[in-house]
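Examining the three-dimensional arrangement
Single-letter residue listing:
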Amino acid sequence: MTQETIAAETFEATGDFPIDELLSDGITNTPPSFVRAILKAASDPNVTSFAGGLPNPISFPQEDLLESMQRVVSEHGAEAFQYSATAGLAGLRAWIANRYNKRFGTDYVADDVLITTGSQQVLDLLGKVLLDKGDGVIVEKPTYLAAIQAFALHQPVFREVELTEDGLNIDELNAALDAGAKMIYLIPNFQNPTGLTYSAEGRRQVREALADRNIVVVEDDPYGELRFEGESLPYIGGTALPHGVIMGSFSKTVTPGFRMGYLLTKDHELLKKLNTAKEAADLHTNVFSQFVILDYLTHHDLDEHLVKIRELYRTQAAAMTDAMEEYFPEGVSFTKPEGGMFLWATLPEGISTMDLFDKALERNVAFVPGDPFYAEPGKHSTMRLNFTNADEETIRDGIKRLAEVIAEAL
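Let me sum up the structure you'll find in this document. A quick note: this is a predicted structure, and the numbers were derived from the prediction, not measured.

Here strand β13 (residues 382-386) lies mainly inside the structure; five of its five residues are buried. Residues Thr382, Arg384 and Asn386 of β13 are buried on one face, and the alternating residues Met383 and Leu385, pointing to the opposite face, are buried as well. Bridge count for strand β10 (residues 342-346) against β13 is five bridges, and the pairing is antiparallel. Bridge pairing in β13 links phenylalanine 342 to asparagine 386.

Okay, here's the thing in structure tokens:
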């Protein structure tokens, strides 16, 4: 035996040392993702799951990505496996900037873009750079639950503003701004969880309310290219407001597994701080994946690929809303999205969808209760339904079973 082995065998710690005493206040007060928990419960192949925000796997360009992987290894060699710049590959950043300029008439350049490990990392970086304990952050009511989770680590004060069919309740927005906030987080297109899209007038009103405020305006837009009805609308902030930040992702258009997100902003002082925070987090986003995505985008027409996804999601969304109109009992309302991946159902007041979840799972159908999408805790009669990860027949059958569970609760 070595001396180290003898020491390890003879040493014995004394006393009880609970890890709880060592944890930060931020992590102690941040709940785990509810969706991640229920996805495990809904992973049974017999369960029809409308719970996850999963793109349909048939939309992944697998053969084209395989060709890109082989070409990247052949043409770039060791460069594709080496450390790289924190901001991301210059070519990919330029492609993203040009894409937005083509779609919206903006003037972004590569230096306005930061490549991140999924758009979720953008939320994490914004929280680290902007939020101290007690700072105000304005969010929609309801809003994306993972944004609540990312910001909650920094113990801010959430100021919820009611989301309407046109956008934000302007009176509530002005009150929240007067109360004080460093950042406002918005999802203007096919919002997660509701599927609602801000109207042109709604965007104008929000822009005017924010115009004379010193506040970072974050617009999360992972679904903007998935519009299957109507026409695209300009952003609220973007380049029009001094601290405008646009968030995007290739997760919904190419592949989620690569975790390839990004942000665009003309505020280079803010961008510099975000870059520093990313350096501290992971040095840079996966280099090989960046090369593969760039190669795929260079050799293939993304718009042609998106046409197929939009048509697929249009038929799936129609299958779900048609089934809900046929089977859901009176008193249940729901949104009809023009794009994206989700819709939102509202049951009569007093019906807790959290309580309904287990009963639905007994009928082999899953959804996400509305509760975790609100920054302030409480019982809610709402639910989020995903329509992109099941075929039309499965959607119809699952909605019929869910309707039976709702009817029994009513």
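Once you've had a look at it, read on.
Attention shifts here to the sheet that holds β13. The pairing of strands in a sheet comes from backbone hydrogen bonds and takes either a parallel or an antiparallel form. Across the sheet, which stays open at both edges, the four strands sit in the order β9-β10-β13-β12 with antiparallel pairing between neighbours. At either end of the open sheet lies a strand with only one pairing partner, and these are β9 (333-334) and β12 (368-369). Relative to β13, β12 runs antiparallel, the two sharing two bridges. By the bridge assignment for β13, valine 368 is matched with arginine 384. Contacting β9, β10 and β13, helix α12 (residues 302-327) crosses the sheet at an angle of about 15 degrees to β10.

Spatially, β2-β8-β7-β6-β5-β3-β4 is the arrangement adopted by the seven strands of the open sheet, whose pairing is mixed. Strands at the two margins of the open sheet, each flanked by one partner only, are β2 (113-117) and β4 (157-162). Neighbour-to-neighbour, the strand axes of the sheet open up by a mean angle of 25 degrees, direction not taken into account. By the bridge criterion, three bridges tie strand β3 (residues 136-141) to strand β5 (residues 183-186) in an arrangement that is parallel. In the strand pairing of β5, isoleucine 138 is matched with isoleucine 184. Sheet contacts for helix α8 (residues 170-179): β3, β4 and β5; angle to β4, the most-contacted strand, approximately 165 degrees.

What counts, and at which threshold
Residues numbered from 1 in each chain as written. Predicted model: local features only at pLDDT ≥ 70, side-chain atom pairs only at ≥ 80, totals over all residues. Heavy atoms only, no water. Buried < 20%, exposed > 50% of the residue type's maximum accessible area, 1.4 Å probe, protein only. Helix = DSSP H or I, 4+ residues; strand = E, 2+ residues; numbered from the N terminus. Pairing = 2+ DSSP bridges. Contact = heavy atoms within 4.5 Å. Axes fitted to C-alpha atoms, helices over the stretch in contact; angles between N-to-C directions.

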